[in-house]
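Chain and residue survey
Chain by chain, the residues run as shown.
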Amino acid sequence: MGTLELTTGRYRSLRLGAIADDLTDLLRQAEANEVSYLMFADMLAEHERASREARRIELNRRQARFPADKRLEAFDYRHQTTITKRQVKALLDFAFLDNRENLVFIGPPGVGKTHLAIGIGQHAVEAGYKVRFKNALDLVEELELAEMKGELKKKLTQLAKVDALVIDELGYLPMSRAARYALFQLINRFYEYRSLIVTTNKDFTQWGEFFHDDNVAVPIIDRIIHHSHLYMLGGESYRLKQKTLS
Ligand code: ADP
Ligand code: MG
């Protein structure tokens, strides 16, 4: 016995919403293809699973807050020759995330550091990982604020829920002592536990000046570089190239 409506209701009350939504279609497909009972049972389960996964990925994509849509597929390796497609592709098995390793893109403005960080981040989200993108200044401001409210620990716990945190433009502007200390706490929290994807215009020999050679500079750099993949990008700014073309 049972009507379609009754059965749909049962699925819904069991919180199997995707099956409830698409039951008519699923039944039609099963009938059209004359699938076995076992096959049909599996179709239902798989439909619910796939729909939940798609929803989770969509949520993760929104929560990543990428500032722009930068696809790796749109990256031009003929312009940017200091990194190869093969090097970038090698990262897309996401072993670096599973192993809690960092990526560091170093180079002057306009050479594609942020584009690569976002592109890799987007692929990671599609592969089911959680990523969060933050500009370094915004991040440090947030950390300082949390520290003032006595909530730094809470903030770090919240940030460390992602598999990878993108810190964009680290080192562009000097930071206060409190900011450097807060950043150090973050780096420590992530070290061998979560991955960082850092873009910076400073190579590490210049980081000392940036951190004013105080006692957190060396440990910060040390922890970022240890277990990391460093990419030194060079060449002409892509922005300038576009300017001269137009
Ligand atoms: P950076 O972060 O190194 O300053 P961006 O990644 O922001 O540079 O790149 C500047 C602009 O040029 C962006 O719009 C980016 O998408 C584009 N761009 C940079 N390099 C490339 C490239 N090799 N192929 C395609 N677009 C690029
Ligand atoms: Mg950038």
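Residues numbered from 1 in each chain as written. Chains lettered and ligands numbered in written order. Predicted model: local features only at pLDDT ≥ 70, side-chain atom pairs only at ≥ 80, totals over all residues. Heavy atoms only, no water.

1. Quick look at the sheet that holds strand S3 (residues 164-170)
- Read from one edge of the open sheet, five strands run S2-S3-S4-S1-S5, paired in parallel fashion. Edge positions in the sheet fall to strand S2 (131-135) and strand S5 (228-232), since each of these pairs with one other strand and no more. Neighbour-to-neighbour, the strand axes of this sheet turn through a mean angle of 10°, independent of strand direction.
- Where strand S1 (residues 102-106) and strand S4 (residues 195-200) come together, four bridges link them in parallel fashion. (Pairing = 2+ DSSP bridges. Helix = DSSP H or I, 4+ residues; strand = E, 2+ residues; numbered from the N terminus. Axes fitted to C-alpha atoms, helices over the stretch in contact; angles between N-to-C directions.)

2. Quick word on the site of ligand 1
- By nearness alone, 15 residues border ligand 1, and Asp-76, Gly-110, Lys-113, Thr-114 and His-115 come closest of all.
- Within the side chain of Lys-70, a nitrogen or oxygen atom sits 2.9 Å from an oxygen atom of ligand 1.
- At 2.7 Å, a side-chain N or O of Thr-114 approaches an oxygen atom of ligand 1.
- At the level of secondary structure, the elements contributing two or more residues to the shell around ligand 1 comprise helix H6 (113-126) and helix H12 (238-245).
- In terms of residues, the shell around ligand 1 owes the most to one element, H6, which gives three residues. (Near = heavy atom within 4 Å. Polar contact = N/O pair within 3.5 Å; in protein donor to acceptor, adjacent residues only side chain to side chain.)

3. A look at helix H11 (residues 217-225)
- Buried within H11 we find Ala-217, Pro-219, Ile-220, Ile-221 and Ile-224.
- His-227, located one to two residues past H11, shows a positive phi value of around 55°. (Buried < 20%, exposed > 50% of the residue type's maximum accessible area, 1.4 Å probe, protein only.)

4. Describing the nonpolar core
- If you look at the biggest cluster of nonpolar residues, it comprises 31 residues, and the most contacted ones within it are Ile-167, Leu-170, Leu-186 and Ile-224.
- Counting only elements with at least two residues in this core, the list comes to S1, helix H7 (136-148), helix H8 (152-159), S3, helix H9 (177-190), S4, helix H10 (204-210) and H11.
- Examining the composition of this core, we find that seven residues originate from one element, H9, more than from any other.
- Residues contacting Ile-167, with those up to four places away along its chain left out, are Lys-134, Ala-136, Leu-139, Leu-186, Leu-196, Ile-197, Val-198 and Thr-199. (Core = buried A, V, L, I, M, F, W, Y, C linked by side-chain atoms within 4.5 Å. Contact = heavy atoms within 4.5 Å.)

5. Section: the environment of Leu-137
- Tracing the backbone through its elements, the reader meets Leu-137 in helix H7.
- On a C-alpha basis, the gap between Leu-137 and Leu-173 in space is 8.1 Å, while along the polypeptide they are 36 residues apart.

6. Considerations on the packing of helix H2 (residues 17-33) against helix H3 (residues 37-64)
- Their axes nearest at 10 Å, the elements H2 and H3 cross at an angle of 140°. On the basis of the axis angle, H2 is oblique to H3. You can see that H2 and H3 cross each other, and the crossing is right-handed. Contacts between H2 and H3 pair Gly-17, Ala-18, Ile-19, Asp-22, Leu-23, Leu-26, Leu-27, Gln-29 and Ala-30 from the former with Phe-40, Met-43, Leu-44, His-47, Glu-48 and Ser-51 from the latter. (Parallel < 35°, antiparallel > 145°, perpendicular 65-115°, else oblique. Left-handed = near helix turned anticlockwise from the far one by under 90°.)

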